[in-house]
Amino acid sequence: MHQPSRRVTTARRALSAAAVVAVAMSPVAVASAAAASPGTASAASSSAPRTTPTSDFTADVRSIDHGRGIVTVRGTGPVGGSIGIAGDGVEQVWTEADSEGTWTAAVRVGRGERVLRVTSQVTGQVIDLPVELLDLLPPGMLATVDGIARTIDLDGAGYPGAHFVIKDNGTVLGETDVDADGSWSFTLRDLAFGSHHVEAWQYFDGTHNGGVDEVYALSGAAVVTSTTASRETERVSLAGKAPAGTTLRFSDDDGPVLGADGRPVTATAAADTTWSAELPIPAGARFWTVTVDTYDGSTSLGTTEARITVPIALTGTVEELPDGHVRLSGGGEVGGVVSLETEDGKPIADSDGTPVQTSIGRTWELTLPRAVLPDDVVVARQRVDGVEQGALRLVLPKQPVGPGPHPGDGGGSGSGGDGGGSGAGTGVSTGVHPTAQGAAAGRVTEGSTNRLAYTGTDPSVPVSVAGALVAVGAAGLSVAQFLRRRGARRH
């Protein structure tokens, strides 16, 4: 058989190789032709494989609700990828990253220091987040309500560095922060009268962590800061505070308190909220309750009461004693002091130069030599706690024409209860006289005078007449006896 030449063999091998290459390249040629055809573009693109976008995996703590034991965690990760959160004392939670590649989860965590282990199920990455759950005390709040200034001052306690939001009847009025020592304060101003629901909510670690609320009543009732009852003026002075521009009306069990003009007494609070009023003391008043009503026009803002102790009016009598002394006695306010003075206000002193005075128990009494006192009138003045509380003008018996007791001779004595004692050496004694009579009291009023046997007139004339009559009688008796003896001898 004829064998092909070497050149032919080589050519055949080249053609076979070209055919194999042509067959191998045929899919690419078909794909290229399809791509070149306008009607097959969308079909070709839909058959192309897709790649999933990825995000960096992150995690951090957004907030800690210590009261409920809830930690909110957030972060980023592969879209649709699962994230697991677990740890010691941590309730396991699963979540997924959303279409934006972000995720969030609320995890219940036990008290104390914990570690949240956050794991990406796509990448296998793990992030540890240390947290601490606190045992918090409830925030505290104390309020000082001032209806006069229309304010509520709040003082409270909270977590150091926390932020407080203050609401009144649901409306936010302001914010404040807790100091390093755990204290905070806030003042609500220009409040309306009535009820106020005050809330103080505490925020830290990214969320609300407790709060406190209370309801307070804001009253416009006047405040009475001072009461003074004076027997000098026979008036009670009241003073205090009330909302500026308000009107105050006064009443007692008998109705509105009337002034000297017969009209009800009223007062108006000044711009600085102060007010004052003077009320006449009712007859026989001792413990007096006055009701103070505050009005804004015809609207009542509140009521308060003033309780007043009216000092007992000073009373006194004058009694002349047989030995020439004078006893002054009477009644007055228990614990007060009675002193004597002349009508022009000069204090009366004893022989040692000490002002004459005595304290008041149930009654008071002073016994003095007549010569110590003025010629006609003495004034007894009452003081209670150093404040003058009325005086009496007491008319004295006339001074005797003849010799009288010397101021230093003493000889007077008090009898009975509160302040009795001897006046020896001073000419003054104190005590309680059982026949003391009351007298009406005013600024300076007239006292009563009682006189005993001694009238104060000169006794020399009646004594001389009596002596002459005695002498005549004695002489007549002697003559009668002489005539009787002569007649007996004759018989």
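To be clear, the structure that these remarks concern was listed above.
To start, this report covers the structure provided alongside it. (Residues numbered from 1 in each chain as written. Predicted model: local features only at pLDDT ≥ 70, side-chain atom pairs only at ≥ 80, totals over all residues. Heavy atoms only, no water.)

With that settled, consider the overall build of the protein chain. Of the regular secondary structure elements, the protein chain holds three helices and 32 strands. Considering the protein chain as a whole, with its 491 residues, one finds that 36% of them fall into the buried category. Restricting to contacts in the protein chain with at least 6 residues of sequence separation, those with at least 24 account for 57%. Per element, the accessible surface of the protein chain, about 27,700 Å² overall, is 54% carbon and sulfur. (Helix = DSSP H or I, 4+ residues; strand = E, 2+ residues; numbered from the N terminus. Buried < 20%, exposed > 50% of the residue type's maximum accessible area, 1.4 Å probe, protein only. Contact = heavy atoms within 4.5 Å. Areas by Shrake-Rupley, 256 points an atom, 1.4 Å probe, with all protein chains shown as cover.)

Here we take up the pattern of salt bridges. Applying the stated criterion across every chain, the model contains 15 salt bridges. We note a salt bridge from Arg74 to Asp60, for which the minimum N-O separation is 3.2 Å. Taken together, the residues Arg74 in strand 2 (residues 70–76) and Asp60 in strand 1 (residues 58–65) connect sequence positions 14 residues apart. Overall, Arg74 belongs to the partly exposed group, its relative accessible area being 39%. Measuring nitrogen to oxygen at the nearest pair gives 3.3 Å for the salt bridge that ties Arg383 to Glu388. Accessibility expressed as a relative area gives 29% for Arg383, which makes it partly exposed. Classification of Glu388 by relative accessible area gives partly exposed; the value is 30%. (Salt bridge = Lys/Arg side-chain N within 4 Å of Asp/Glu carboxyl O.)

Let us look at the pairing of strand 2. Burial within strand 2 is extensive, with five of its seven residues counted as buried. Sheet topology places strand 1 next to strand 2; seven bridges connect them, and they run antiparallel. When the bridges of strand 2 are listed, Ile64 appears paired with Val71. Turn length for the strand 1-strand 2 hairpin, with the two strands adjacent in sequence and antiparallel, is four residues, and the turn residue Gly69 shows positive phi of about 70°. Bridging between strand 2 and strand 5 (residues 102–108) involves seven bridges; their strand directions are antiparallel. For Thr76, the partnering residue across the bridge sits in strand 5 and is Thr102. (Pairing = 2+ DSSP bridges.)

A separate point is the packing of aromatic side chains. For the structure on display, the rule yields three aromatic pairs. Seen from their ring centres, Tyr159 and Phe204 are 4.4 Å apart, and the 15° between their planes marks the pair as stacked. With Tyr159 in the loop between strand 9 (151–157) and strand 10 (163–168) and Phe204 in strand 13 (residues 194–204), this residue pair connects regions lying 45 residues apart in the sequence. When its relative accessible area of 33% is taken as the criterion, Tyr159 is described as partly exposed. Judged by its relative accessible area of 9%, Phe204 is buried. (Phe/Tyr/Trp six-rings, centres within 6.5 Å; stacked < 30°, edge-to-face > 60°.)

Along the chain, the position of His325 falls in strand 24 (residues 325–330). Judged by relative accessible area, which is 2%, His325 ranks as buried. Linking His325 and Pro369, residues 44 residues apart in sequence, is a C-alpha distance of 4.3 Å.

If you trace the backbone, Thr273 turns up in the loop between strand 19 (266–268) and strand 20 (274–280). Not counting residues up to four positions away in its chain, the partners in contact with Thr273 are Ile148, Gly240, Lys241, Ala242 and Ala244.

As a further point, take unusual backbone geometry. Phi angles above zero are rare outside glycine, and Asn169 is one such case at about 50°. Here Asn169 lies in the loop between strand 10 and strand 11 (171–177). For Glu234, which is not glycine, the phi torsion reads 60° and is therefore positive. Mapped onto the elements of the fold, Glu234 is located in the loop between strand 15 (223–230) and strand 16 (235–241). Among the residues examined, Glu234 registers a relative accessible area of 26% and is labelled partly exposed.

Before going further, it helps to examine the sheet that holds strand 14 (residues 207–218). Pairing is antiparallel across the open sheet formed by four strands, whose spatial order is 11-10-13-14. In this open sheet, the two edge strands, each paired with only one partner strand, are strand 11 and strand 14. Across the sheet, the axes of successive neighbouring strands diverge by a mean angle of 20°, strand direction being ignored. Both strand 10 and strand 13 contribute to a ladder of six bridges, which runs antiparallel. (Axes fitted to C-alpha atoms, helices over the stretch in contact; angles between N-to-C directions.)

Quick look at the sheet that holds strand 3 (residues 82–86) now. Spatially, 4-3-6-7 is the arrangement adopted by the four strands of the open sheet, whose pairing is antiparallel. The open sheet has two edge strands, strand 4 (93–96) and strand 7 (126–133), and neither has a second partner. On average, each strand axis in the sheet is inclined to that of its neighbour by 20°, with strand direction left out of account. Two strands pair when backbone bridges link them, and strand 6 (residues 112–120) and strand 7 are joined in this way by eight bridges, in the antiparallel orientation. Counterpart to Arg114 in the pairing with strand 7 is Val131.

On to the pairing of strand 6, then. Here strand 3 pairs with strand 6 via four bridges, running antiparallel. Bridge pairing links Ala86 to Arg117 in strand 6. Between strand 6 and the antiparallel strand that follows it, strand 7, lie five residues; Gly124 among them carries a positive phi value of about 80°.

All right, on to the nonpolar core then. Counting residues in each nonpolar core, the largest one holds 22 residues, and the members touching the most others are Leu238, Leu248, Phe250, Trp275, Leu279, Trp288 and Ile308. At the level of secondary structure, the elements contributing two or more residues to this core comprise strand 16, strand 17 (247–252), strand 20, strand 21 (287–296) and strand 22 (299–309). Beyond its immediate stretch of four places on either side in the chain, Leu279 contacts Arg235, Val236, Leu238, Phe250, Val257, Val265, Trp288 and Val290. (Core = buried A, V, L, I, M, F, W, Y, C linked by side-chain atoms within 4.5 Å.)

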